[in-house]
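Observations on the three-dimensional arrangement
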Amino acid sequence: MTLPTSTLGRGDAALTVSRQGLGCMGMSDFYGDRDDTESTATLHRALDLGVTFLDTADMYGFGANEELVGRAIADRRDEVVLATKFGILRDPDDPTKRGVDGRPEYVKAACEASLRRLGVDHIDLYYQHRVDPDTPIEETVGAMAQLVAEGKVRFLGLSEAAPATIRRAHAVHPITALQTEYSIWSRDPEREILATVRELGIGFVPYSPLGRGFLTGTVRTVDDLPDGDFRRVQPRLQDGNIDKNLAIVDVVREIAQAHDATPGQVALAWVHRQGDDVAPIPGTKRRTYLEENVAALEVELTDDDLARIDAVGPGHGDRYPDMSSVDR
């Protein structure tokens, strides 16, 4: 099966990807129990459906997610646009602790480790997962550019970077894609980010386009989430925010009913309407949800639908319990 495509980047930095990708994080971490068998089947089904843009990171499952993805694509590598990320440090003894590292020597070591775990000789799109405030972005991107020169990486990306940082990075080496949270209830990129990347010819990759599953309508309280699910501490699901955010979900559900679609499909269709240079990466670890997400490409929202969504406004509450690691 062939899906529509998007082009991220411009000129020599242009990368063609499936119009919708697959975020692999939840297969190994953060969203409850793992099921590697079903996750592998989901990855294979994604490729069969034409979802060839796969997104992972070295910190998902402390490397386990890269290993899972690598095993799943081992005999289908030429079908895949493989993206991974470096730069977030986690403490195995306390996984809630976070650090960042963008030093040139770390960039090289992280890439070598990812290549080993993935079992590949090159990474198609290599992102800096978070900006290191203690290392000039020019030094980090300079090291990333060296990986391109060595053939270990094809294209470069940034994640959760501010406009000024994006400009400085792009001046060192062309940036193909910026990955940032974006959905009906996470609209921050509309203030400056989207205008910046479009001016520079950088593609945009929204992660969590389903609002971490909240926009599907399946989560009404934190009690709907399994033990160990990191969403239990998300500010948007806490008292004072959740009722306001449920109002957004209710509007999405009403629009979905009118289109004979699911709320999740409407949420994804909304993201797709934001431009041909936008390639969202909804995450799932189950084939049923993958197939539902792919079908969102057939949902055509009207201008009235978009106006209703705009009227209800963005989400209430911060995206993370601690926003200090997000470059602003």
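You'll find the structure just up there.
These numbers come from a predicted model, not from an experiment.

**Some thoughts on the overall build of the protein chain**
Scanning the protein chain from N- to C-terminus turns up 10 helices and 11 strands. Every one of the 328 residues in the protein chain was classed for burial, and the buried ones make up 58%. Nonlocal contacts in the protein chain, meaning residues at least 24 apart in sequence, comprise 76% of its contacts between residues at least 6 apart. Counting only carbon and sulfur atoms, one obtains 47% of the accessible surface of the protein chain, whose full area is about 13500 Å².

**Looking at the nonpolar core**
In terms of nonpolar packing, the biggest core is built from 77 residues, with Leu-22, Leu-43, Ile-166 and Leu-178 touching the most fellow members. Counting residues per element, this core draws most heavily on helix α7 (residues 242-258), which supplies 8 residues. Ignoring any residue separated from it by four or fewer positions in sequence, one finds Leu-178 in contact with Leu-158, Ser-159, Glu-160, Ala-161, Ile-166, Ile-193, Val-197, Ile-202, Gly-203, Phe-204 and Val-205. Ranked by size, the runner-up nonpolar core spans 14 residues in total, among them Leu-8, Leu-125, Tyr-207 and Ile-281.

**Topic: the sheet that holds strand β5 (residues 81-86)**
An order of β3-β4-β5-β8-β9-β10-β11 is seen for the 7 strands of this open sheet, with the pairing classed as parallel. Of all the strands in the sheet, just β3 (22-23) and β11 (203-207) have a single pairing partner and so form its edges. The pairing of strand β4 (residues 53-55) with β5 spans 3 bridges and is classified as parallel. For Phe-53, the partnering residue across the bridge sits in β5 and is Val-81.

**Considerations on the packing of helix α1 (residues 36-49) against helix α2 (residues 64-73)**
Remark: α1 packs on α2, axes separated minimally by 9 Å, with the N-to-C direction vectors making an angle of 55°. One finds that α1 runs oblique with respect to α2. Crossing of α1 over α2 shows right-handed handedness. Contacts between α1 and α2 involve Asp-36, Ser-39, Thr-40, Leu-43 and His-44 from the former and Leu-68, Val-69, Arg-71 and Ala-72 from the latter. Among the residues making up the contact of α1 with α2, the classes are represented as 4 nonpolar, 3 polar and 2 charged.

**So, the pattern of salt bridges**
Considering all chains together, one arrives at 24 salt bridges under this definition. The closest approach of N and O atoms between Arg-76 and Asp-48, which form a salt bridge, is 2.9 Å. Here Arg-76 is found in the loop between α2 and β5, whereas its partner Asp-48 is found in helix α1, with 28 residues between them in sequence. Assessed through its relative accessible area of 38%, Asp-48 is described here as partly exposed.

**Things to note about helix α10 (residues 303-312)**
Looking at α10, one finds that the buried residues are Asp-305, Leu-306 and Ile-309. Looking down the long axis of α10, one finds its buried residues gathered within 95° of arc, a one-sided arrangement. Facing away from the buried surface of α10 by more than 90 degrees, the exposed residues are Asp-303, Asp-304 and Ala-311. At its buried positions, α10 is contacted by α7 and α8 (263-272). With its phi angle positive at about 85°, Gly-313 sits one or two positions after the end of α10.

**A few points about the packing of aromatic side chains**
Geometry of an aromatic ring pair is reported as the spacing of the ring centres plus the angle between the planes. In the structure shown here, the tally under the stated rule is 4 aromatic pairs. Aromatic pair Tyr-182 and Trp-270: ring centres 5.3 Å apart, planes at 50°, arrangement tilted. Here Tyr-182, found in the loop between β10 (177-181) and α6 (193-200), pairs with Trp-270, found in helix α8; they are 88 residues apart in sequence, far enough to count as distant. The class of Tyr-182 is buried, set by a relative accessible area of 0%. For Trp-270, a relative accessible area of 2% corresponds to the buried category.

**Details of the pairing of β10**
For β10, a buried count of 5 out of 5 residues is recorded, marking the element as mostly surrounded by other parts of the structure. Burial along β10 is two-sided: Ala-177, Gln-179 and Glu-181 and Leu-178 and Thr-180, pointing in opposite directions, are all buried. Strand direction decides the pairing type here: strand β9 (residues 153-159) and β10, joined by 3 bridges, are parallel. Counterpart to Ser-159 in the pairing with β10 is Gln-179. Sheet topology places β10 next to β11; 5 bridges connect them, and they run parallel. Opposite Ala-177, over in β11, you have Gly-203 as the bridge partner. Viewed along the sheet, the connection from β10 through α6 into β11 turns out right-handed.

Rules of the game
- Residues numbered from 1 in each chain as written.
- Predicted model: local features only at pLDDT ≥ 70, side-chain atom pairs only at ≥ 80, totals over all residues.
- Heavy atoms only, no water.
- Helix = DSSP H or I, 4+ residues; strand = E, 2+ residues; numbered from the N terminus.
- Buried < 20%, exposed > 50% of the residue type's maximum accessible area, 1.4 Å probe, protein only.
- Contact = heavy atoms within 4.5 Å.
- Areas by Shrake-Rupley, 256 points an atom, 1.4 Å probe, with all protein chains shown as cover.
- Core = buried A, V, L, I, M, F, W, Y, C linked by side-chain atoms within 4.5 Å.
- Pairing = 2+ DSSP bridges.
- Axes fitted to C-alpha atoms, helices over the stretch in contact; angles between N-to-C directions.
- Parallel < 35°, antiparallel > 145°, perpendicular 65-115°, else oblique.
- Left-handed = near helix turned anticlockwise from the far one by under 90°.
- Nonpolar A, V, L, I, M, F, W, Y, C, P; charged D, E, K, R; others polar.
- Salt bridge = Lys/Arg side-chain N within 4 Å of Asp/Glu carboxyl O.
- Arc of directions from axis to C-beta.
- Phe/Tyr/Trp six-rings, centres within 6.5 Å; stacked < 30°, edge-to-face > 60°.
- Right-handed = clockwise from strand over helix to strand, strands pointing away.

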